Amino acid sequence: MTLEVLMATYNGQRFIERQLDSILTQSWTDFRLIIGDDASTDKTPDILSDYAKKFPDKISYIPYEDNVGANANFARLLEVSDADYIMLADQDDIWLPDKIADSMHAMQELEKEFGKDLPLLVTSDLTVIDENENQLHASWKKYVGISQKSYSLPHLLIRHAFLGCTLLFNKELLILATPIPLEAGMHDYWLTLVATVLGKIKSLDHSTILYRLHKRNVVGARQYNFSWLMDEWRHNPELIENFQQRILKAYARAFLFYRRYKNSLSSEEEKIFENFIQLKYLPFHKELWNRLKFGFCEQTFSQNLILLYASKKMGVFPTK
């Protein structure tokens, strides 16, 4: 059995040593850490090189010369992985000591129940902290409003309900999900969508990570309440355009998924995908009806207001 932790880095000198230490001191020690640096321009490459020399039996360091962005960086790491189990790590979090152990035990429970040949994925909650490691909220799920309906297929077609840094998945899921289409957006979004539809997921209720909230990753831990709506409406001139881009990406992702996996979908899943893909070809009143009928909605009232406003402004897609 082999386990690889894949970490994509870029200009992470401020927090990366804290994260590396938290991974290297895990209670589950049978793993290898593969780090791909996305052509950092700060001291991150020096730090990684020093750690790789200090822990040659534990760390493999790949200093990429071209900067491709976080998604593509993780994607190329996934392409070189041949492990039985894979975990993803961000550069600025802190792993709690039993993160790997808890995740592997949950994976073993999934294997016992469903067998080892099925795509399997384990995720968990997180504790939200600030830049100085002060706790902001004990539960990321509660902080951003994740509920049981967030894991339903109609909702997942709209918005991601998992964070990549919490994931542990098996080789079967990696083989089935890759190559990840560039147009699909976030790599972890695609992986969890494949696992939801074609595999099995176990979500741990407790936190396994201290999730650092700072200026470069605020998107991962926003509270989408009325205060957020008012603040965004007043200060973010690109708010509607951003939601329109998300709408386009959601349709592209759903279409790519449907085209690749159609023969593996149940009749109900096929119906959900077909109705979602057709939303923007309908007059707005019919689009609204189908969103309500199938549950193609955001997590909060505020998000849904902007989603519907942005979608209405886009109009109806032309048919061929």
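From a predicted model like this one, the values you see are computed outputs, not experimental measurements. Position numbers for residues start from 1 in each chain and track the written sequence from start to end. The predicted nature of this model means local features are confined to residues of pLDDT at least 70 and side-chain atom pairs, given and counted, to a pLDDT of 80 or more, with totals for whole chains, interfaces and linings taken over all residues. Just so you know, side-chain values use all the structure's heavy atoms and leave hydrogens and water out.

Attention now goes to helix 12 (residues 284–294). What helix 12 keeps buried is the set Glu287, Asn290, Arg291 and Phe294. One side of helix 12 carries all its buried residues, which in axial view fall inside an arc of 105 degrees. Exposed and oriented more than 90 degrees from the buried face of helix 12 are His285, Trp289, Leu292 and Lys293. Note on contacts: a residue pair is in contact if any heavy atoms of the two residues lie within 4.5 Å. Put simply, DSSP H or I for four residues or longer makes a helix, DSSP E for two residues or longer makes a strand, and each gets a number counted from the N terminus. On its buried side, helix 12 packs onto helix 6 (153–156), helix 10 (239–261), helix 11 (267–277) and helix 13 (301–314). Following helix 12 by one or two positions, glycine 295 has its phi on the positive side, about 85 degrees. For every residue, the accessible area (1.4 Å probe, protein chains only) is compared with the maximum for its type, and the residue is labelled buried under 20%, exposed over 50%, or partly exposed between those bounds. Starting at the helix axis, one direction is taken to each C-beta atom, and the arc is that of these directions.

This next bit is on the environment of histidine 105. Structurally, the position occupied by histidine 105 is in helix 4 (residues 99–114). The sequence separation of histidine 105 and valine 122 amounts to 17 residues, and the corresponding C-alpha distance is 9.7 Å.

Next up on the list: the side chain of arginine 291. Relative to the elements of secondary structure, arginine 291 occurs in helix 12. In this view, arginine 291 contacts Ile158, Tyr251, Leu279, Phe296, Cys297, Leu307, Leu308 and Ser311; residues no more than four positions away in its chain are not counted.

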